[in-house]
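# An overview of the molecular structure
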Amino acid sequence: MAYMCTDSGNLMAIAQQLIKQKQKQQSQQEQYNPWPNQPLGYALTGSGISDPFQISGDPDFQFPLLEHQNATGFNGFRFSSDGEFDSDEWMESLLNGGDTSRNGQDFSAHGHDPFLEFPSRLAVPSDTNRVHSASPLSHPPGSTATLTPSPPQLVSEEPDFDLNRPVLKAIHDCARLSDTKPDVAEETLIRIRESVSETGDPAERVGFYFAGVMSGELPLAPPSLEDFIFSYKTLNDACPYSKFAHLTANQAILEATQESRNIHIVDFGIFQGVQWASLLQALATRPFGKPDRVRISGIPAPSLGESPGASLVATGNRLSDFARILGLNFEFYPVLTPVHLLNGSSFRVKPDEVLAVNFMLELYKLLDETATTVDTALRLARSLNPRIVTLGEYEVSLNRVGFENRVKNALRFYSAVFESLEPNMERDSMERLRVEKVLFGRRISDLVRPGNNDKPGTQSGRMEEKEQWRVLMEKAGFQPVKPSNYAVSQANLLLWNYHYSTLYSIVESEPGFISLAWNNVPLLTVSSWH
């Protein structure tokens, strides 16, 4: 069972042929334009899954023709003449802060941003009906930094520090000296700030945020709702992070439930249903026939705020209307119980249901010094006896390390992330400035701002590498499920089909991890367990 091709028996030959063809095309194109602004994608006829961030009119990832649907669906969902779901309609409803399928219903809309930091507790206070108002779009202020020819350099005594830019080494040395020689570190941070800019190259932009936050001179206020959603969509148009994570996790669920008649998905940290819209379409067109019933129990993500009830209901309405277009029998159950109070009965799992549990870029927010809360959540999932558990996490160690090593690891991670924006976002682009400030600046601030280093209770939102997640998953009683050859090929096809830079790559590692890397630096890892 697969997204792009219903005849999975011929997939490997097709995938290898298409990849070779795409490599040849890309090599020819990059002789003239190494940073193309427009995708050169090729169509895969009969492909089966939607990209919720696909630009309208993009020939890539064409959907199967649904015989029962017209060019215009009902309840606000649009389909093109060839049966392709217009995913921009889905995002447009989020940007407008409303539910296209429920006229007049007011709800708070938040997109799933794969980098933005939010409170670590998946909990819901009693006030579930309050809706936060949104403020108008605002542009990031221009840089006030003064550029000088060369940044200050401190000689690092650590031989394994492999970042090759002097400004990044200088920031690391400031972290190393912050306790023993704070005056030297403070003076050096001042000099660094004079040499970096939010409009410079990737290393300078990373230095702009790290030095500004570490010196206490760059306060970053919480973004407006519109800024957040707009930045998220911009990032997903430019980079494959969420596409890769959703595609890979959904493929594992499809394969685990390929002949199941009743499917129940428990989603720890649901946002606006972007991941599940594509899965529903795949289920509606699977070779074994449509399932008799598909059910999603959604635990709200922290980014939905303190009162997620209205947004969660709107998400359920949107998914239900979309499932109706596809002819699926679908149920959505919002779970508004705080995670520490959940038990097996909270999800109302029926005896005839095949269960899948999804942790998509959320579980790390429960990490602390002892990982007790994460262990509780995993053991709860294990008690439900799921057929498959999908886990998506960032590939960087920022939790159980000291301040110096946390800064070092974060510098390497965010340098790769900022570099990955270069192919599709101009240096002077206001959209890029907004993405880096709204999605990355706040995360960097929470990691390194003064007074938030290693105090108890301040480690929420610090990611862990895959080996730590392997230990935690196996401790909870799970065993890894190796990704299928198709899943790996499909991930590679995603990169080629959207004509992303060749510096992106897919990396497999034992016992069953598949990672998206930039310039050989893994950034995001997806795995499956049972």
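Placed above this text is the structure.
Structural notes, computed from the coordinates. (Residues numbered from 1 in each chain as written. Predicted model: local features only at pLDDT ≥ 70, side-chain atom pairs only at ≥ 80, totals over all residues. Heavy atoms only, no water.)

### Regarding helix α10 (residues 372-383)
The end-to-end C-alpha distance of α10 is 16 Å, a good match for the 16 Å that twelve residues give at a rise of 1.5 Å each. Taken together, the buried positions of α10 are occupied by Val374, Asp375, Ala377, Leu378, Leu380 and Ala381. Of the surrounding elements, those touching the buried residues of α10 are β1 (262-270), β4 (354-360) and α13 (466-475). Remark: Asn385 follows α10 within two positions and exhibits a positive phi of approximately 55 degrees. (Helix = DSSP H or I, 4+ residues; strand = E, 2+ residues; numbered from the N terminus. Expected span 1.5 Å × (residues − 1). Buried < 20%, exposed > 50% of the residue type's maximum accessible area, 1.4 Å probe, protein only. Contact = heavy atoms within 4.5 Å.)

### Topic: the pattern of salt bridges
Evaluated as defined, the whole model comprises 22 salt bridges. Here Arg295 makes a salt bridge to Glu353, at a shortest N to O gap of 4.0 Å. In this pair, Arg295 sits in strand β2 (residues 293-300) while Glu353 sits in the loop between β3 (330-334) and β4, placing the two residues 58 residues apart along the sequence. In terms of burial, Arg295 and Glu353 fall into one category: buried. (Salt bridge = Lys/Arg side-chain N within 4 Å of Asp/Glu carboxyl O.)

### Focus on the packing of helix α7 (residues 241-256) against helix α14 (residues 485-497)
Where α7 contacts α14, the axes come no closer than 10 Å and their chain directions differ by 155 degrees. It follows from the interaxial angle that α7 and α14 lie roughly antiparallel. Classified by chirality, the crossing of α14 by α7 is right-handed. Note on element contacts: α14 touches α7 through Tyr486, Ala487, Gln490, Ala491 and Leu494, opposite Lys243, Phe244, Leu247, Thr248, Gln251 and Glu255. Grouping the amino acids of the contact of α7 with α14 by side-chain chemistry returns six nonpolar, three polar and two charged. (Axes fitted to C-alpha atoms, helices over the stretch in contact; angles between N-to-C directions. Parallel < 35°, antiparallel > 145°, perpendicular 65-115°, else oblique. Left-handed = near helix turned anticlockwise from the far one by under 90°. Nonpolar A, V, L, I, M, F, W, Y, C, P; charged D, E, K, R; others polar.)

### Comments concerning the side chain of Ser515
Note that Ser515 resides in strand β8 (residues 513-518). Within the structure, Ser515 has its side chain in polar contact with the side chain of Thr525 (distance 2.6 Å). Residues contacting Ser515, with those up to four places away along its chain left out, are Phe244, Ser505, Ile506, Val507, Pro522, Leu524 and Thr525. (Polar contact = N/O pair within 3.5 Å; in protein donor to acceptor, adjacent residues only side chain to side chain.)

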